[in-house]
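Chains, contacts and geometry: an overview
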Amino acid sequence: MSRSAPTTYLSGIHPLHALLLASTFPLFLGATLSDYAYSQNFHIQWSTFSSWLIAGGLVFAGLAFLCAIIGLFRAGHRRGLVLVYPLLLLVIWVLGFINALVHARDAWAMMPTGLILSIIVTVLSVAAIWIGFSRRTVGATS
């Protein structure tokens, strides 16, 4: 007769939450690259691209933040990064919103602040993705 030990299943974040979270990086990265392209050749169209990409990144970051808040209440297992993750998403959204306001100014007036904010938001979105996908919640045991 053999006896098996109880198995604990670990589950990641919800697939919709993962999609929203992962979508922030390419949008903010595209804004950073567009800002860099504008700083090199001063074609105003690059600043317009950045503005639209930042707006898209804000939509996805805001929805990922809402999913993270919902996940706080549904978490079965509390770890140290549980509160850091939604806070990081909130910081990304606030800095992204400030970046959108900077990009709303005249194209000449947005440099270099717009590029610096875009780089910061892009790096923070990578950190949020890293933390978000490394989080594990305890599922059912059998």
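Everything numeric in this text was worked out from a predicted model, so none of it was measured.

Taking 1.5 Å as the rise per residue, helix α2 (residues 44-74) with 31 residues should run 45 Å; its terminal C-alpha atoms sit 45 Å apart, in good agreement. Buried within α2 we find S47, S50, I54, G56, G57, L58, A61, G62, A64, A68 and L72.

All right, on to the environment of L72 then. With respect to the secondary-structure elements, L72 resides in helix α2. The spatial distance from the C-alpha of L72 to the C-alpha of V82 is 7.0 Å, given a sequence separation of 10 residues.

As annotated by UniProt and renumbered to match this structure, "transmembrane region" (unreviewed entry) occupies residues 50-73, 80-102 and 108-133. Across residues 50-73, helical content stands at 100% and strand content at 0%; the span's end C-alpha atoms are separated by 35 Å. With 81% helix and 0% strand, the stretch residues 108-133 has end C-alpha atoms that lie 38 Å from each other.

Glancing now at a nonpolar patch on the surface. Nonpolar side chains collect at one region of the surface, where L87, L90, V91, W93, V94, F97, I98 and L101 lie side by side and expose about 660 Å² of accessible area between them. For L87, the location among the structural elements is in helix α3 (residues 81-103).

Take helix α4 (residues 113-134) next. For α4, which comprises 22 residues, the first-to-last C-alpha distance of 32 Å matches the rise-based estimate of 32 Å (1.5 Å per residue) to within 8%. When we look at burial in α4, the residues that qualify are G114, L115, L117, S118, V121, T122, S125, A128, I129, I131 and G132.

Another aspect to go through is the nonpolar core. One recurring pattern in soluble globular proteins: nonpolar side chains tend to sit buried together. Counting residues in each nonpolar core, the largest one holds 16 residues, and the members touching the most others are L21, Y85, L89, I92 and A128. Of all elements in the fold, only α1 (15-41), α2, α3 and α4 reach the threshold of two or more residues within this core. In this view, L21 contacts I13, A64, Y85, L89, A128, I129, G132 and F133; residues no more than four positions away in its chain are not counted. Judged by nonpolar contacts, the second largest core, of 7 residues, contains A107, M110, M111 and L117.

Definitions and cut-offs
- Residues numbered from 1 in each chain as written.
- Predicted model: local features only at pLDDT ≥ 70, side-chain atom pairs only at ≥ 80, totals over all residues.
- Heavy atoms only, no water.
- Helix = DSSP H or I, 4+ residues; strand = E, 2+ residues; numbered from the N terminus.
- Expected span 1.5 Å × (residues − 1).
- Buried < 20%, exposed > 50% of the residue type's maximum accessible area, 1.4 Å probe, protein only.
- UniProt positions renumbered as here; feature names shortened; annotations may be inferred.
- Patch = residues over 30% accessible without salt bridge, like charges linked within 9 Å, V, L, I, M, F, W, Y side chains within 5 Å.
- Areas by Shrake-Rupley, 256 points an atom, 1.4 Å probe, with all protein chains shown as cover.
- Salt bridge = Lys/Arg side-chain N within 4 Å of Asp/Glu carboxyl O.
- Core = buried A, V, L, I, M, F, W, Y, C linked by side-chain atoms within 4.5 Å.
- Contact = heavy atoms within 4.5 Å.

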